[in-house]
2 protein chains.
Amino acid sequence: MPKFMDVHRGMAGITEEQLMEAHNADLAIEGDEHVHFESAWADPEAGVVYCLSEAPSAEAVQRIHERAGHKADEVHPVPLSV
Amino acid sequence: MPKFMDVHRGMAGITEEQLMEAHNADLAIEGDEHVHFESAWADPEAGVVYCLSEAPSAEAVQRIHERAGHKADEVHPVPLSV
């Protein structure tokens, strides 16, 4: 399954609890689009969140994020990884 | 040990082999700064590479990347993760 890295901006001040809630909101509905969100990392000072997922397409990733209430600013296919 | 996500731009067309070589160049010297590069993901079309590391500081991450020949465009501390 292709992997994707998506980026959310404007998240300055995000807390551990808010990150967990957002991630859980994705997990609750990701199966509808055959997406799986593996991990997310947040820089609360710069307000940037990175999410790593496996999904059929970038559009599927975005549809889950939108329905969960936090549309991504960028969704990048990352076919290469080490 | 704090975690960091750094971002390299202008990498359009990067291949699996080039990503591996760059990662190995980091691994070869990372111990000098007590950094460990865990994973890297590349979008060859947009030319963006994301690197996840553990390190004492963002400056230590950048020093290793610079010495390895590929300075990062951004180095973000990511104290929150799920």
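As recorded in an unreviewed UniProt entry, chain A goes by Gualylate cyclase and comes from Streptomyces longwoodensis.

Undergrad: Please give an account of the overall build of chain A that cites residues and values.
TA: A tally of regular secondary structure across chain A gives two helices and five strands. Starting at the N terminus, the α and β elements of chain A follow one another as β-α-β-β-α-β-β. Scaling as 2.2 N^0.38, a compact globule of 82 residues should have a C-alpha radius of gyration of about 12 Å, and chain A matches this with 12 Å. For chain A, the spread of C-alpha atoms along the principal axes amounts to about 35 × 30 × 20 Å. Taken over 82 residues, chain A has a buried fraction of 48%. Of the roughly 3,800 Å² of accessible surface on chain A, 51% is carried by carbon and sulfur atoms. Computed over 5 positive and 16 negative side-chain charges, the inter-centroid distance for chain A is 7 Å.

Undergrad: Requested: an account of the packing of aromatic side chains, with residues and values cited.
TA: Under the definition given, this model contains two aromatic pairs over all chains. Judged by centre distance (5.8 Å) and plane angle (50°), the rings of Trp41 of chain A and Trp41 of chain B are tilted. Of this pair, Trp41 of chain A sits in strand β2 (residues 36-43) while Trp41 of chain B sits in strand β2 (residues 36-43), placing the two residues on different chains.

Undergrad: Outline the sheet that holds strand β1 (residues 3-8) of chain A, supporting the account with residue identities and numerical values.
TA: Strands sit in the order β4(A)-β1(A)-β3(A)-β2(A)-β5(B) across an open sheet of five strands; the sheet is antiparallel. If you trace the sheet from one side to the other, it starts and ends with β4 (74-77) of chain A together with β5 (80-81) of chain B, each paired once. Sheet analysis places β2 of chain A next to β5 of chain B, joined by two bridges and oriented antiparallel. By the bridge assignment for β5 of chain B, Trp41 of chain A is matched with Ser81 of chain B. The sheet contacts of helix α1 (residues 16-29) of chain A involve β2 and β3 (48-54) of chain A together with β5 of chain B, and relative to β2 of chain A the element is tilted by about 160°. Those strands touched by helix α2 (residues 58-67) of chain A are β1, β2, β3 and β4 of chain A, and its axis lies near 45° from that of β1 of chain A.

Undergrad: An account of the side chain of Asp43 of chain A is requested, with residue identities and associated values reported.
TA: If you trace the backbone, Asp43 of chain A turns up in strand β2. Buried charge Asp43 of chain A goes without a salt bridge, the closest partner of opposite sign being Arg9 of chain A at 9.3 Å. For Asp43 of chain A, the side chain forms a polar contact with the main-chain nitrogen of Glu45 of chain A, separated by 3.0 Å. In contact with Asp43 of chain A, not counting residues within four places along its chain, are Val48 of chain A together with His76, Pro77, Val78 and Pro79 of chain B.

Undergrad: Can you lay out the nonpolar core for me, pointing to particular residues and giving the numbers?
TA: Among the nonpolar cores identified, the biggest contains 16 residues, and Ile14, Leu19, Val35, Phe37, Ala42, Val49 and Val61 of chain A are the most heavily contacted of them. For this core, the secondary-structure elements that each account for two or more residues are α1, β2, β3 and α2 of chain A. By residue number, the principal contributor to this core is α2 of chain A, which donates four residues. Setting aside residues up to four positions removed in sequence, Val61 of chain A forms contacts with Phe4, Asp6, Val35, Phe37, Ser53, Ala55 and Val75 of chain A. In this structure, Phe4, Ile14, Phe37 and Val61 of chain B belong to the second largest nonpolar core, which totals 15 residues.

Rules and cut-offs
- Residues numbered from 1 in each chain as written.
- Chains lettered and ligands numbered in written order.
- Predicted model: local features only at pLDDT ≥ 70, side-chain atom pairs only at ≥ 80, totals over all residues.
- Heavy atoms only, no water.
- Helix = DSSP H or I, 4+ residues; strand = E, 2+ residues; numbered from the N terminus.
- Rg over C-alpha atoms; globule rule 2.2 N^0.38 Å.
- Buried < 20%, exposed > 50% of the residue type's maximum accessible area, 1.4 Å probe, protein only.
- Areas by Shrake-Rupley, 256 points an atom, 1.4 Å probe, with all protein chains shown as cover.
- Lys, Arg positive; Asp, Glu negative; His and termini not counted.
- Charge placed at Lys NZ, Arg CZ, Asp CG, Glu CD.
- Phe/Tyr/Trp six-rings, centres within 6.5 Å; stacked < 30°, edge-to-face > 60°.
- Pairing = 2+ DSSP bridges.
- Contact = heavy atoms within 4.5 Å.
- Axes fitted to C-alpha atoms, helices over the stretch in contact; angles between N-to-C directions.
- Salt bridge = Lys/Arg side-chain N within 4 Å of Asp/Glu carboxyl O.
- Polar contact = N/O pair within 3.5 Å; in protein donor to acceptor, adjacent residues only side chain to side chain.
- Core = buried A, V, L, I, M, F, W, Y, C linked by side-chain atoms within 4.5 Å.

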